[in-house]
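Here are the chains, one letter per residue:
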Amino acid sequence: MPSTANALNLRPPESAPAAAAPVVEVAGLRKYFPLKKGLLRRTAGYVRAVDDVSFAIARGETLGLVGESGCGKSTVARTLMRLIEPTAGSIKINGQDVTRLGKRALRPHRRQMQIIFQDPFSSLNPRMTAGDIVGEPLKIHGLTQSRARHERVAELFEQVGLRAQQINSFPHQFSGGQRQRICIARALALSPQLIVADEPVSALDVSIQAQVINLMMDLQRQKQLSYLFIAHDLAVVEHISHRVAVMYLGRIVEYADKATLFTDPRHPYTEALLAAVPVPNPRIARKKLLLPGDVPSPVNPPPGCSFHTRCPYAEARCRIERPLLREVAPGHHVACHLR
Amino acid sequence: MSTVDFRAELAKAGANVDSRWSALAFFARRYPLGAIGAAIMALFVFAAIFAPLITLYDPLTTNASLSLARPSAAHWLGCDFMGRDVYSRIVYGARISLAVGIGATLLGGGIGVLIGLSSGYFGGWLDLAAQRLIDILQSLPLIVMALLMAASLGPSLHNTIIAISIALIPSSARVVRASTLSLRELQFVEAARAIGMSEVRIAVRHVLPNTLAPLIVLGTAQLGATILIEATLSFLGLGVPEPHPSWGRMLSESAAEYVRTAPWLVIFPGLAISAVVFGTNLLGDAVRDILDPRQRG
């Protein structure tokens, strides 16, 4: 069979996307934070913030990562950026494994991935001008000539919709949305392929959220950027993402392309999340799906399926055996025994 | 740290400036108290530099016939027990007091910043070791610490500066460490790491400038304290040795014996010390505001 298939598939179909290596490939990523106790700082246990997370993002694609507070979304972002060291797993940028690279060896790869943070107030140094902030990555990566750097900074300002006159202003002179634009400009400075956006609009007013999201989508089209877009606001994620992964207690419980996930959620947790999204029409009757209880502690996650403590459908098996992610339909992965 | 484009800043603040002098005038209008502080300090610096030109008598020459002379047209601020002109001694004393004050504050503050920044930013065993060292230094009162150091180093101008600066290390180290601990968790530090900046560079460029505000306030307060400590050390014979004029010793020598009979021996050196302390505090507050972009508006 393989030989005939090969013979028939000499040329890939025209419509298929270029099957290039994904921009980023994460496999089996884990981050356990040790819990130190007592006078001798013994390790008493671990917070399993991220527990066996795998995903890949293609060029020009946005992967939305959703889940409630404390489920490990931000830890995924920080570990991926190598801002904190992964406990296990591998991170590949353009096919190159950067998981264990030292600081110096990592530096050239940093150009490929940049991060935008949630809080546009603490992510800009109050004592530097906007221009210096945006120009700093250029300086670090060898664009030391100040004239050339200034030109590039002005270009970046224009791309993110800031005025060139604002280059010498300080962060406190900008609004929240403008500050987030500065953060985006800083992230774009090195022309990265991947931008990790850790709740980039959660701290902004709703009207400003739309502007920033649209800016990010425009930039993606122009530059073929890949995004890992982290949020807890499902409407925002639905708007910007191509594929969506749902996290619960440090694990991905479901992941599929956007349309499938939002119309045909398989995991009970995803169902509950979607049911909680407000619909701006009071006449539409909605299925009420309130989850009882709180997220269990990641220090001591429940055995079996970590969601069974709150799952309305949980069975005996769920309390014992951990469900693995499996493909229930092409491209649709769910970690649930029942679906 | 950002290089501040004062021209642009001034223009934005509505200043119509075309020269250095009008820029200075603008700052003076905007920070009147700071201008007063700067004027006081300028006066003392001027006195220290041009001491021989603005005094009539040698500060070291004794004259028994003028012992405890009252202030007069010839000796404006009177004479001390040994008949030395008090005005001349105060003017020459400015050299010593400013050298000790500024020298010890900068030296102690610099070492304190280095310890505080590295221990706060890098943490771990370095922090542990540095903080225990600081604990030991701080377990003794400032003055006792300075005494201890001065006694082991021996009396001279250099040793006085070193002794006092060691006593000043703990407070600036603590202040810098405290702000560093909160600053290093901020996202602009993480953003700097994400662009591949080295840790040392992050500490110096992103963390240090943001610790300046409390440090400047502390530094100006310490400058005053330094002059007072020098006074005490000199009084005990551990500071600047006789016969060099030091405000502190002039004050403390005469405070007990002559405060009733010859109050000018106490009042004028005391005024000089107060004026410098006052001036540095005013100037420090203004400098802190000028260096902070948020205050500049």
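Here is what the cut-offs are and how they apply
Residues numbered from 1 in each chain as written. Chains lettered and ligands numbered in written order. Predicted model: local features only at pLDDT ≥ 70, side-chain atom pairs only at ≥ 80, totals over all residues. Heavy atoms only, no water. Phe/Tyr/Trp six-rings, centres within 6.5 Å; stacked < 30°, edge-to-face > 60°. Helix = DSSP H or I, 4+ residues; strand = E, 2+ residues; numbered from the N terminus. Buried < 20%, exposed > 50% of the residue type's maximum accessible area, 1.4 Å probe, protein only. Salt bridge = Lys/Arg side-chain N within 4 Å of Asp/Glu carboxyl O. Pairing = 2+ DSSP bridges. Contact = heavy atoms within 4.5 Å. Axes fitted to C-alpha atoms, helices over the stretch in contact; angles between N-to-C directions. Buried area = accessible area lost by both parts, 1.4 Å probe. Nonpolar A, V, L, I, M, F, W, Y, C, P; charged D, E, K, R; others polar.

Asks: Before we go on, may I ask you to explain the packing of aromatic side chains in this structure?
Replies: All names here are of chain A. For the coordinates displayed, the defined rule picks out 9 aromatic pairs over all chains. Between Tyr 32 and Tyr 46 the ring centres are 6.2 Å apart and the planes differ by 45°, which places this aromatic pair in the tilted class. Of the two residues, Tyr 32 sits in strand E1 (residues 24-37) while Tyr 46 sits in strand E2 (residues 42-57), which places them 14 residues apart along the sequence. Take Tyr 32: its relative accessible area is 18%, and that puts it in the buried class. Its relative accessible area of 41% is what places Tyr 46 among the partly exposed residues. Seen from their ring centres, Tyr 269 and Phe 307 are 5.2 Å apart, and the 65° between their planes marks the pair as edge-to-face. Remark: Phe 307 occurs in the loop between helix H10 (268-275) and helix H11 (316-320) and Tyr 269 occurs in helix H10; sequence separation between them is 38 residues. Classification of Tyr 269 as buried rests on a relative accessible area of 1%.

Asks: Help me out: how do you make sense of the pattern of salt bridges in this one?
Replies: In a structure, side chains of opposite charge can pair up when their charged atoms sit close to one another. Applying the stated criterion across every chain yields a total of 23 salt bridges over all chains. Arg 221 of chain A is the salt-bridge partner of Asp 218 of chain A, the closest N and O atoms lying 2.7 Å from each other. Of this pair, Asp 218 of chain A and Arg 221 of chain A both sit in helix H7 (residues 206-223), 3 residues apart, which is roughly one turn of the helix. Accessibility expressed as a relative area gives 33% for Asp 218 of chain A, which makes it partly exposed. Notably, a salt bridge pairs Arg 184 of chain B with Glu 185 of chain B, separated by 3.3 Å at the nearest N-O pair. For Glu 185 of chain B, a relative accessible area of 55% corresponds to the exposed category. One salt-bridge network, in which partners are shared between bridges, spans Arg 30, Asp 51, Asp 52 and Arg 251 of chain A.

Asks: Even after reading the chapter, I still don't get the sheet that holds E1 of chain A, so can you show me in this structure?
Replies: Hydrogen bonds between backbone atoms are what pair the strands of a sheet, whose relative direction is either parallel or antiparallel. Residues and elements named next belong to chain A. The strand order E2-E1-E4-E5 describes an open sheet built from 4 strands, whose pairing is antiparallel. Each of the sheet's edge strands pairs with one partner strand only, and the pair in question is E2 and strand E5 (96-97). Across 2 bridges, strand E4 (residues 88-93) lies against E5 in antiparallel orientation. Paired with Lys 92 across the strands is Asp 97, a residue of E5. Seen against the sheet, helix H2 (residues 73-80) touches E1, E2 and E4 and runs at an angle of roughly 110° to E1.

Asks: Looking at this model, I keep getting lost on the interface of chain A and chain B. Mind explaining?
Replies: Size of an interface, as often reported, equals the accessible area lost when the parts are brought together. Between chain A and chain B, the residue contacts involve 31 residues of the former and 29 residues of the latter. With both sides pooled, the region where chain A packs onto chain B buries about 2,800 Å², and carbon together with sulfur makes up 52% of that total. The interface formed by chain A and chain B includes 3 salt bridges. One salt bridge connects Glu 199 of chain B with Lys 103 of chain A, and the closest N-O pair in it is separated by 3.4 Å. Where the side of chain A that touches chain B is concerned, the elements lending two or more residues are helix H3 (103-110), strand E6 (113-116) and helix H4 (130-140) of chain A. Ranked by the residues each element gives to the side of chain A that touches chain B, the list is headed by H4 of chain A, at 5 residues. For the side of chain A that touches chain B, the class distribution of residues is 10 nonpolar, 11 polar and 10 charged.

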